[in-house]
2 protein chains.
Amino acid sequence: MKLASLKHGRDGRLVVVSDDLAWCAAPPPMWPTLQAALDDWAHAEPILRGVAESLAHDAVPHARFHERDAASPLPRAYQWADGSAYVNHVALVRQARGVAMPDSFWTEPLMYQGGSDGFLGPRDPIPLGDPAWGCDLEAEVVVVTGDVPYGASRDEALASIRLIGLTNDVSLRNLIPGELAKGFGFFQSKPASAMSPVFVTPDALGDRWRDGKLHGALRVDLNGQPFGRADAGLDMTFDFGTLIAHAAKTRALGAGTIVGSGTVSNLGADGGPGRAIANGGVGYSCLAELRTVETIVGGAAVTPFLQDGDTVRIEMHGDDGHSIFGAIKQRVAVIR
Amino acid sequence: MKLASLKHGRDGRLVVVSDDLAWCAAPPPMWPTLQAALDDWAHAEPILRGVAESLAHDAVPHARFHERDAASPLPRAYQWADGSAYVNHVALVRQARGVAMPDSFWTEPLMYQGGSDGFLGPRDPIPLGDPAWGCDLEAEVVVVTGDVPYGASRDEALASIRLIGLTNDVSLRNLIPGELAKGFGFFQSKPASAMSPVFVTPDALGDRWRDGKLHGALRVDLNGQPFGRADAGLDMTFDFGTLIAHAAKTRALGAGTIVGSGTVSNLGADGGPGRAIANGGVGYSCLAELRTVETIVGGAAVTPFLQDGDTVRIEMHGDDGHSIFGAIKQRVAVIR
């Protein structure tokens, strides 16, 4: 089952979307928003699945689904907890900075509390107050949970996953060192993220969803050129069950919590840094990693961060070549 | 005007509360929850004020208001951004650890993104998985904002403040060093906080609300004994306008954002660390500060963190001696 939220008010209007993303149908009025459905999932899920089945058989009123009309499936959420599960990425960044990485990074997830009060729509511009802040994309996988009990096990955590999607976790790289030096984590350096037009239930992903990971190439284009094709199922040190259990160690998590994978990153074929697509590699899911590789290989980063008018596209194709979650397509818009 | 949420479902049921906290009345059904009212404040505020006026004149159906029936006014919120505005507190903690504090801490606010997917009710126990985690109270002032534009000025930020209240920002002190060392800020070390039973509009606070600060003694009791009486309006380096503007530097903030002051802390009369109430001082708003003073004065912390069954009470009295926001009264409950 695929779900989306058409732009409408603060929370959008929930719709069930056909597997090919061509059509959508309205759910019963008890669940006008995705958050309302997640709050009451035991009741909502079978009814929504009934709508999805009717939609597949043209047996319910429906309309064309246009990704451009979609908000993020949760236009705002009660929690956005972003991990950093591709530890290879962290190790590379540290190597470029000449900083040792603690061994514990391989055994205990990194996670930060992100802002969730307003996500950008998947086709919304990325508002940027100052290009000197070093605006970067970060292509990631996200899951949406139901209620997760305090101290949940990995298995309980995996069972709590309701939906899967993609995000562009926008980051302001040049604000990060100052914030991290203060010790309280990210705040200004993590402005609003954007989510994929559609979130999908685990069962609808078939073999793409296994071992608590989403498998397949995360297609990242920058200004219309292929930039990243890293496989989200490879080199993910911590699966989503482990990430969710980490978040729930000292408190329950509310339904509608969004948990992120961190920037998807694959090792190179030789076990070293990944190569650019033009050089036969799978490329990158953020500019920082490319700049890191440039630093390691050539002594200095040469690719700039995002500039006014730059465009980013993030999606994943199914085995049939069609988009699974729809495409995040954003343009950077300097606003001052 | 004073507002509360009676325990009901995930978001409570909004009520208007009389100034003496004795009575409550229901708002019109368009705004069943506080979040719904905040989302539509321009319309909701005058109507809610009308209910409050009618309540004051016994001109509307009303019922007894019992603080024990109240959830946190926002039982869950889209954002919880907690500052650390009493820099004296930060300086003390650093002094005890023998770590220098950057001068920038006096000129740029510290702030972390907290979890907001579920707040404890003001009379709910504090669930604690393991006493070895070092459970601490943190008595703070909070404000709730309306929509705040990207890059808002301090004046715009101040004008966005809808409501003011208190919080117990529960912290797990022994998990903090490990988390901060990883560089991503707090996560497991900041479990669910509790809010005061009632939030209050700025105008209803009279002279207690001025210069973007709440003035008056924050009354903190521990196991029935006076523990803290620090004045929330003193030694607050950054007012709420500055804190909100800091949060909004790189993104808009959604209506219902809760911004915290950080642990309230007053300097001693001699400009050094504050003294315990038993020693003629105003005491402390968290155990960590007492332990810090113990370390500075006597070489080691002697007061333990919260244990199973310990009780915490946080409130503020008006000039008439009555509670302004109602009392946060919590008991620590070890759950494993």
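The shown structure was predicted, so the numbers you read here are calculated from the model rather than taken from an experiment.

Novice: I'd like a description of the UniProt feature "domain: Fumarylacetoacetase-like C-terminal" (unreviewed entry) in chain A, backed by residues and values.
Specialist: Feature annotation in UniProt places "domain: Fumarylacetoacetase-like C-terminal" (unreviewed entry) on residues 80-332 of chain A, given in this structure's numbering. Between the C-alpha atoms that bound residues 80-332 of chain A the distance is 22 Å, and the span itself is 17% helix and 24% strand.

Novice: Break down the domain arrangement of chain A for me, citing the residues and quoting the values.
Specialist: Residues and elements named next belong to chain A. When cut into domains, chain A gives domain 1 (2-65) and domain 2 (74-334). With centres defined by C-alpha atoms, the gap from domain 1 to domain 2 works out at 26 Å. Across the contact, 17 residues belong to domain 1 and 20 residues belong to domain 2. Counting the surface lost from both domain 1 and domain 2, the interface buries some 1600 Å², and carbon and sulfur atoms represent 60% of this. If you sort the residues of domain 1 by the area they bury against domain 2, Lys2, Gln35 and Leu38 come out on top, with a joint share of 32%. Counting every contact that joins domain 1 to domain 2 gives 3 salt bridges.

Novice: Explain the relation of the copies chain A and chain B to me, using residue names and the numbers behind them.
Specialist: By a simple turn and slide, chain A fits onto chain B: the slide is 0.0 Å along the axis, the RMSD is 0.0 Å, and the turn is 180 degrees. Such values leave the two copies arranged in the relation of a two-fold axis. Among all residues of chain A, the one whose C-alpha sits closest to the rotation axis is glycine 185 of chain A, at a distance of 1.9 Å. Taken as a fraction of all interface residues of chain A, those also at the interface in chain B reach 100%, which identifies the copy contact as same-surface.

Novice: Can you break down the packing of helix α3 (residues 87-97) of chain A against helix α7 (residues 287-298) of chain A residue by residue, with the values?
Specialist: All names here are of chain A. It is at 9 Å that the axes of α3 and α7 come closest, and there the two elements cross at 45 degrees. Relative to α7, α3 is oriented oblique. Crossing of α3 against α7: the hand is left-handed. Residues His89, Leu92, Val93, Gln95 and Ala96 of α3 form the contact with α7, whose own contacting residues are Glu289, Thr292, Val293, Thr295 and Ile296. Of the residues assigned to the contact of α3 with α7, the class counts are 5 nonpolar, 4 polar and 1 charged.

Novice: Run through the sheet that holds strand β8 (residues 126-128) of chain B, naming residues and quoting values.
Specialist: Residues and elements named next belong to chain B. Pairing in this open sheet of 5 strands is mixed, and the strands run β8-β21-β20-β17-β18 from one edge to the other. Looking at which strands have only one partner, the edges of the open sheet turn out to be β8 and β18 (225-228). Taking each pair of neighbouring strands and ignoring which way they run, the sheet shows an average axis angle of 25 degrees. Sheet topology places strand β17 (residues 219-222) next to strand β20 (residues 311-315); 4 bridges connect them, and they run antiparallel. Across the sheet, the residue bridging to valine 220 is isoleucine 314, located in β20.

Novice: How would you explain the interface of chain A and chain B if you had to name every residue and give the values?
Specialist: With 54 residues of chain A at the interface, the matching set in chain B holds 54 residues. With both chains or domains summed, chain A and chain B bury close to 4800 Å², and 53% of this area falls on carbon and sulfur atoms. Interface area lost by chain A to chain B is led by Tyr78, Phe184 and Phe187 of chain A, which between them contribute 21%. Connecting chain A to chain B are 10 salt bridges. Measuring nitrogen to oxygen at the nearest pair gives 3.2 Å for the salt bridge that ties arginine 251 of chain A to aspartate 117 of chain B. Seen at the junction of chain A and chain B, the total is 29 residue pairs in polar contact (both at pLDDT 80 or more).

Novice: Give me unusual backbone geometry: which residues, what numbers.
Specialist: Residues and elements named next belong to chain A. At leucine 21, a residue that is not glycine, the phi angle is positive and equals roughly 65 degrees. Along the chain, the position of leucine 21 falls in the loop between β2 (13-17) and β3 (23-25). Unlike most non-glycine residues, asparagine 223 shows phi in positive territory, near 50 degrees. Counting through the fold element by element, asparagine 223 comes out in the loop between β17 (218-222) and β18 (225-228). For asparagine 223, a relative accessible area of 40% translates into the label partly exposed.

Novice: Can you explain the confidence of the model for chain A? Please cite residues and give values.
Specialist: Here chain A shows a mean pLDDT of 96. Residues at 70 or above account for 100%. For this predicted complex, the interface confidence reaches an ipTM of 0.97, while the overall pTM sits at 0.98.

Novice: Quick rundown of the packing of aromatic side chains? Include the residues and the values.
Specialist: By the definition in use, this model includes 13 aromatic pairs over all chains. On the basis of an interplanar angle of 15 degrees and a centroid distance of 4.3 Å, the ring pair of tyrosine 78 of chain A and tyrosine 78 of chain B is categorised as stacked. Placement of tyrosine 78 of chain A in the loop between β5 (70-71) and β6 (80-83) and of tyrosine 78 of chain B in the loop between β5 (70-71) and β6 (80-83) is noted, with the two residues assigned to different chains. You'll find tyrosine 78 of chain A and tyrosine 78 of chain B in the same group, each marked buried. Relative to phenylalanine 184 of chain B, the ring of tyrosine 112 of chain A has its centre 6.0 Å away and its plane inclined at 70 degrees; by these criteria the two rings are edge-to-face. In this pair, tyrosine 112 of chain A sits in strand β7 (residues 111-114) while phenylalanine 184 of chain B sits in the loop between α5 (176-182) and β13 (194-195), so the two residues belong to two different chains. For tyrosine 112 of chain A, a relative accessible area of 3% corresponds to the buried category. Every member of this aromatic cluster is reached through a ring pair, and the members are Tyr112 and Phe186 of chain A together with Phe184 of chain B. In this arrangement the basic side chain of lysine 190 of chain A is found over the ring face of phenylalanine 186 of chain A, its NZ or CZ atom lying 5.1 Å from the centre.

Novice: Explain the UniProt feature "domain: Fumarylacetoacetase N-terminal" (unreviewed entry) in chain A to me, and be specific about the residues and the numbers.
Specialist: Here the UniProt-annotated "domain: Fumarylacetoacetase N-terminal" (unreviewed entry) positions come out as residues 1-76 of chain A. Helix makes up 29% of residues 1-76 of chain A and strand makes up 22%, while its end C-alpha atoms are separated by 21 Å.

Novice: Help me get a handle on helix α6 (residues 240-247) of chain A, residues and values and all.
Specialist: One turn of an α-helix holds 3.6 residues; hence residues three or four places apart share an orientation. All names here are of chain A. With 7 of its 8 residues buried, α6 lies for the most part within the structure. Among all positions of α6, only Phe240, Gly241, Leu243, Ile244, Ala245, His246 and Ala247 are buried. Capping the start of α6 is the job of one residue whose side-chain oxygen sits 3.2 Å from the backbone nitrogen of glycine 241: aspartate 239.

What counts as what
- Residues numbered from 1 in each chain as written.
- Chains lettered and ligands numbered in written order.
- Predicted model: local features only at pLDDT ≥ 70, side-chain atom pairs only at ≥ 80, totals over all residues.
- Heavy atoms only, no water.
- UniProt positions renumbered as here; feature names shortened; annotations may be inferred.
- Helix = DSSP H or I, 4+ residues; strand = E, 2+ residues; numbered from the N terminus.
- Domains from an automatic or database assignment.
- Contact = heavy atoms within 4.5 Å.
- Buried area = accessible area lost by both parts, 1.4 Å probe.
- Salt bridge = Lys/Arg side-chain N within 4 Å of Asp/Glu carboxyl O.
- Least-squares fit on C-alpha atoms with pLDDT ≥ 70 in both.
- Axes fitted to C-alpha atoms, helices over the stretch in contact; angles between N-to-C directions.
- Parallel < 35°, antiparallel > 145°, perpendicular 65-115°, else oblique.
- Left-handed = near helix turned anticlockwise from the far one by under 90°.
- Nonpolar A, V, L, I, M, F, W, Y, C, P; charged D, E, K, R; others polar.
- Pairing = 2+ DSSP bridges.
- Polar contact = N/O pair within 3.5 Å; in protein donor to acceptor, adjacent residues only side chain to side chain.
- Buried < 20%, exposed > 50% of the residue type's maximum accessible area, 1.4 Å probe, protein only.
- pLDDT = per-residue confidence, 0-100.
- Phe/Tyr/Trp six-rings, centres within 6.5 Å; stacked < 30°, edge-to-face > 60°.
- Lys NZ or Arg CZ within 6 Å of the ring centre and 35° of its normal.

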